[in-house]
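Here's the letter readout for the chains.
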Amino acid sequence: MAVRQDNPELFIGLMSGTSLDGVDGALASFGKDASGNLVVDTVATAYLPFPSELRQTLFALQARSDDEIHREALAGNALSLAYADCVRQLLQEAGSAAGSITAIGAHGQTIRHRPECGYTWQTGNPALLAELTGIDVIADFRSRDIAAGGQGAPLVPAFHQAVFGSPREQRVIANIGGIANISVLHPDGRVAGFDTGPGNVLMDGWIQRHRGQPYDANGAWAASGRTIPALLDKLKAEPYFALPPPKSTGRDLFHLDWLDGLLAKLPQSAAWQSQDVQATLAAFTAETLADAIRLHAPAAASVHVCGGGAFNAQLMAELAGCLGCTHGGLRIGTTETLGISANHVEALAFAWLAFRFHRRQPGNLPAVTGARGLRILGALYPA
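Residues numbered from 1 in each chain as written. Predicted model: local features only at pLDDT ≥ 70, side-chain atom pairs only at ≥ 80, totals over all residues. Heavy atoms only, no water.

By the naming in an unreviewed UniProt entry, the protein is Anhydro-N-acetylmuramic acid kinase, taken from Noviherbaspirillum humi. Per UniProt, the protein has the following entry under Sequence similarities (unreviewed entry): "Belongs to the anhydro-N-acetylmuramic acid kinase family." Heading Function (unreviewed entry) of the UniProt record for the protein holds this comment: "Catalyzes the specific phosphorylation of 1,6-anhydro-N-acetylmuramic acid (anhMurNAc) with the simultaneous cleavage of the 1,6-anhydro ring, generating MurNAc-6-P. Is required for the utilization of anhMurNAc either imported from the medium or derived from its own cell wall murein, and thus plays a role in cell wall recycling." (UniProt positions renumbered as here; feature names shortened; annotations may be inferred.)

Structure follows, in structure tokens:
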């Protein structure tokens, strides 16, 4: 059992990702053991699904539309109300008062991510969140890294190294949210990481369109179909996959209009069954993830998956098959085997980024994002 060297501090992390399903929250304490190593204790967790109207508005804001500034401001206010409800749930579960929390790390909802144009934009109203909760709020974590020439994403590899790194083996942490990304954790402390491409974003959109469901539970619909080789080849021909890291992506590239454009170039697509397209999208996610792992982490001993994709049995089986894990050698599982539930990792990461900001310590990894150097990430909105 680790022994504390200093008094732990309490932080809340709030994350709403590319899947646009809701808010994940985590209340955690951060301290050090006698050897000076980071000790993270998850005190409480909460999940709050988005109201249907907010989810639809956030979806609409992903593309150009009329009166965007006004509609986005209202959505940012609504998102802050949802964030505040999540904070209240966390405090209630932990039996803690707002005054015991040092700060909230709030990611906000990404509306545009265009690092090649020098900006990223996460909607939200951190000032309102501070007002509603009475707790300091730290937000806008990505902009400083982009200002320093970086991608602003992914930001979680630094946290992955802090909590999952091993001096004995090379590990890969694969986050499968709306977009998928990997962190390659070398035993000597070096870290690499980047967005590998779509995670759940295309699968979620396709099943919503054809079956009215927000996601493919356990990958059951994909499992009922058959992969379409011609479509899979077309999907994997997207130039993004040939780009070297550092790189990041999002809904600005991978969305249903992009998929429809590819389908239109394949005349035979009119005869394809919708479940076969879903099966192909699952294979697309698994294969692009596996390709990235094989190329950038050939010495990996284990792959640990987090995010919503970790709960998709069909997708996990496909990934294992693509990596050859079904024949021994490379191990694959979830981050649960490393002590943190797969659906809590990202919220904890933003609590940790708030902790780093509070200590005036950098939160980015230039080797991952391409920034000119280490930077303190975030902006403070005092309670």
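Caption draft 1: Broad picture of the pairing of strand β1 (residues 9-15). Within β1, seven of the seven residues are buried, which leaves the element mostly enclosed by the surrounding structure. In β1, alternate side chains face the same way, and those of Glu9, Phe11, Gly13 and Met15 on one face and Leu10, Ile12 and Leu14 on the other are all buried. Note: β1 against strand β2 (residues 22-32), seven bridges, orientation antiparallel. Opposite Ile12, over in β2, you have Leu27 as the bridge partner. Between β1 and β2, which pair antiparallel in sequence order, lie six residues; one of them, Leu20, sits at a positive phi of approximately 60°. (Buried < 20%, exposed > 50% of the residue type's maximum accessible area, 1.4 Å probe, protein only. Helix = DSSP H or I, 4+ residues; strand = E, 2+ residues; numbered from the N terminus. Pairing = 2+ DSSP bridges.)

Caption draft 2: Spotlight on unusual backbone geometry. Residues Ala153 and Pro154 are joined by a peptide bond in cis, for which omega reads -10°. Its place among the elements puts Pro154 in the loop between α4 (143-147) and α5 (157-164). Here Pro245 and Pro246 are connected by a cis peptide whose omega angle stands at 5°. Here Pro246 lies in the loop between α8 (229-236) and α9 (256-264). Notably, Leu20 is not glycine yet its phi reads approximately 60°, a positive angle. With a relative accessible area of 0%, Leu20 lands in the buried category. A positive phi angle is found at Asn218, which is not glycine, with a value near 60°. In this structure, Asn218 sits in the loop between α6 (201-211) and α7 (220-223).

Caption draft 3: View of the sheet that holds strand β4 (residues 103-106). Read across the sheet, six strands follow the order β3-β2-β1-β4-β7-β13 without closing on themselves; strand pairing throughout is mixed. Each edge of the sheet is formed by a strand with only one pairing partner; in this case those strands are β3 (38-49) and β13 (379-381). Strand-to-strand twist across the sheet, computed as the mean angle between neighbouring axes with direction ignored, equals 25°. Pairing of β2 with β3, which is carried by 11 bridges, proceeds in the antiparallel orientation. (Axes fitted to C-alpha atoms, helices over the stretch in contact; angles between N-to-C directions.)

Caption draft 4: Local environment of the sheet that holds strand β8 (residues 171-176). Sheet architecture is open: five strands sit in the order β10-β9-β8-β11-β12, paired in mixed fashion. Since the sheet does not close on itself, it has two edges, and those belong to β10 (191-198) and β12 (331-334), each with one partner. Each adjacent strand pair in this sheet contributes to an overall mean axis angle of 20°, direction not counted. Pairing of strand β11 (residues 302-306) with β12 involves four bridges; the strand directions are parallel. Paired with His304 across the two strands is Gly333, which belongs to β12. Contacts between helix α10 (residues 274-296) and the sheet are confined to β8, β9 (179-185), β10 and β11, with β10 contributing the most and set at about 155° to the helix. Contacting β8, β11 and β12, helix α11 (residues 313-323) runs over the sheet at an angle of about 160° to β12. (Contact = heavy atoms within 4.5 Å.)

Caption draft 5: Highlighting the domain arrangement of the protein. Here the protein is partitioned into domain 1 (9-153 + 344-381) and domain 2 (156-338). Once you take the C-alpha centre of each, domain 1 and domain 2 turn out to be 24 Å apart. In this assembly, 25 residues from domain 1 lie in contact with 27 residues from domain 2. Summed over both partners, the interface of domain 1 with domain 2 comes to about 2,000 Å²; 64% of that surface belongs to carbon and sulfur atoms. By the criterion of area lost to domain 2, the three top residues of domain 1 are Thr18, Val345 and Val368, representing 29% of everything that side buries. Our count for the domain 1 to domain 2 interface comes out at zero salt bridges. For the side of domain 1 that touches domain 2, the secondary-structure elements that each account for two or more residues are β3, α1 (52-60), β5 (109-114), α12 (345-358) and α13 (366-369). Residue contributions to the side of domain 1 that touches domain 2 peak at five residues, all from α12. Looking at the side of domain 1 that touches domain 2, its residues break down into 13 nonpolar, eight polar and four charged. (Domains from an automatic or database assignment. Buried area = accessible area lost by both parts, 1.4 Å probe. Salt bridge = Lys/Arg side-chain N within 4 Å of Asp/Glu carboxyl O. Nonpolar A, V, L, I, M, F, W, Y, C, P; charged D, E, K, R; others polar.)

Caption draft 6: Summary view of the pairing of β8. Of all the six residues making up β8, six are buried; the element is thus mostly covered by neighbouring parts of the structure. Residue alternation in β8 divides its side chains into two sets, Arg171, Ile173 and Asn175 and Val172, Ala174 and Ile176, and both sets are buried. Bridging between β8 and β9 involves six bridges; their strand directions are antiparallel. When the bridges of β9 are listed, Ile176 appears paired with Ala180. Where β8 folds back on β9, the antiparallel hairpin that results is connected by two residues. Bridging between β8 and β11 involves five bridges; their strand directions are parallel. Note on β11: the bridge partner recorded for Val172 is Val303.

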